[in-house]
Amino acid sequence: MSRIGRLPIDIPAGVEIKIDEKNKVTVKGPKGTLEKNLPVEMNIKQEGAQIIVTRPNDLKKMKSLHGLTRTLIANMVTGVTAGYQKVLEINGVGYRASKKGNEITFNLGFSHPVVMADPEGIETVMEGQNKIIVKGIDKEKVGQYAAEIRDLRRPEPYKGKGIKYDYEVIRRKVGKTGK
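As the structure is a prediction and not an experimental result, all values here were calculated from the model.

1. Things to note about the overall build of the protein chain
Regarding its fold elements, the protein chain presents two helices and 13 strands. The C-alpha atoms of the protein chain give 21 Å as radius of gyration, which overshoots the globular expectation for 179 residues (16 Å, by more than 25%). Each principal axis of the C-alpha distribution contributes one length, and for the protein chain these read about 70 × 40 × 25 Å. Within the protein chain, counting contacts between residues at least 6 apart in sequence, those at least 24 apart form 48% of the total.

Below you can see the structure in the form of structure tokens.
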């Protein structure tokens, strides 16, 4: 049995879960609603205040889908109750960002400012000019948008300039040595 897949998912108060045919799961909570089509091979049942995911057989594909399906449902429940957030930091002289409406304008040493609009369901908050917090209820969308922002100017190993996650540690390299 999958160690993750066999764990039941507790449904907190105020969260409604609906499982349709073909495993379309809808999770409704205080922060919003999420819908996802999950693998049809898995058996998803609601028993009381818990969701239990079981697999039909022990084929390698079913084993891998078992844990995945359970984790996706658990992430949806966490998203509609607590939400997700990623914190990004901008390091470098003259590197900064500013927010106007739902657009963020980045000055990252290019000849032009880079403008990014917040996708639907994602909210960005600026703390000062060099800290960006990406918030939302969908873990996948929050992570993807944060990665897109980071890709504008990845941190470089010599001076550490660029956009990095707050928990990320940049491995520094020694530069050229003079004579």
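Let's pick the thread back up.
2. Concerning the sheet that holds strand β13 (residues 162–165)
Backbone hydrogen bonds hold the strands of a sheet together, and the pairing may be parallel or antiparallel. One open sheet holds the four strands; their spatial order is β11-β12-β7-β13, and the pairing between them is antiparallel. On the outer flanks of this sheet lie β11 (122–127) and β13, each paired with one strand and no other. Here the strands of the sheet are splayed against their neighbours by 25° on average, with no regard to which way each runs. Contacting β7 (84–91), β11, β12 (131–136) and β13, helix α2 (residues 139–152) runs over the sheet at an angle of about 5° to β7.

3. Some thoughts on α2
Compared with an ideal rise of 1.5 Å per residue, which puts 14 residues at 20 Å, α2 spans 21 Å between its outermost C-alpha atoms and is within 8% of the ideal. Buried residues in α2 make contact with β7, β9 (103–107), β10 (114–117), β11, β12 and β13. Capping the start of α2 is the job of one residue whose side-chain oxygen sits 3.2 Å from the backbone nitrogen of E140: D138.

4. With respect to the sheet that holds strand β5 (residues 43–47)
If you walk across this open sheet you meet the three strands as β1-β6-β5, and the pairing is antiparallel. Looking at the sheet topology across the chains shown, the edges are occupied by β1 (9–10) and β5. As defined by bridge partners, β5 adjoins strand β6 (residues 50–54) across five bridges and the pair is classed as antiparallel. Bridged to N43 within β6 is T54. Across the sheet, helix α1 (residues 60–81) touches β1, β5 and β6, and the angle it forms with β6 is around 160°.

5. Here's the deal with α1
Compared with the 32 Å implied by 1.5 Å per residue over 22 residues, the 33 Å span of α1 between its first and last C-alpha is a close match. Two residues or fewer past α1, G83 is found with a positive phi of approximately 85°.

6. Overview of the pattern of salt bridges
Applying the stated criterion across every chain, the model contains eight salt bridges. Across the pair K36 and E140 runs a salt bridge whose closest N-O atoms are separated by 3.7 Å. Highlighted residues: K36 in strand β4 (residues 32–37) and E140 in helix α2, separated in sequence by 104 residues.

7. Considering the packing of aromatic side chains
Under the definition given, this model contains one aromatic pair. The ring of Y165 is capped by K86, whose NZ or CZ atom sits 5.3 Å from the centre of that ring.

8. Here's the deal with the environment of G143
Relative to the assigned elements, G143 resides in helix α2. A residue is classified by how much of its surface remains accessible, and G143, at 22% relative accessible area, is partly exposed. Note: C-alpha distance between G143 and Q85 (58 residues apart in sequence) is 8.3 Å. Not counting the four nearest positions on each side in its chain, G143 is found in contact with K86 and Y165.

Cut-offs and rules
- Residues numbered from 1 in each chain as written.
- Predicted model: local features only at pLDDT ≥ 70, side-chain atom pairs only at ≥ 80, totals over all residues.
- Heavy atoms only, no water.
- Helix = DSSP H or I, 4+ residues; strand = E, 2+ residues; numbered from the N terminus.
- Rg over C-alpha atoms; globule rule 2.2 N^0.38 Å.
- Contact = heavy atoms within 4.5 Å.
- Pairing = 2+ DSSP bridges.
- Axes fitted to C-alpha atoms, helices over the stretch in contact; angles between N-to-C directions.
- Expected span 1.5 Å × (residues − 1).
- Polar contact = N/O pair within 3.5 Å; in protein donor to acceptor, adjacent residues only side chain to side chain.
- Salt bridge = Lys/Arg side-chain N within 4 Å of Asp/Glu carboxyl O.
- Phe/Tyr/Trp six-rings, centres within 6.5 Å; stacked < 30°, edge-to-face > 60°.
- Lys NZ or Arg CZ within 6 Å of the ring centre and 35° of its normal.
- Buried < 20%, exposed > 50% of the residue type's maximum accessible area, 1.4 Å probe, protein only.

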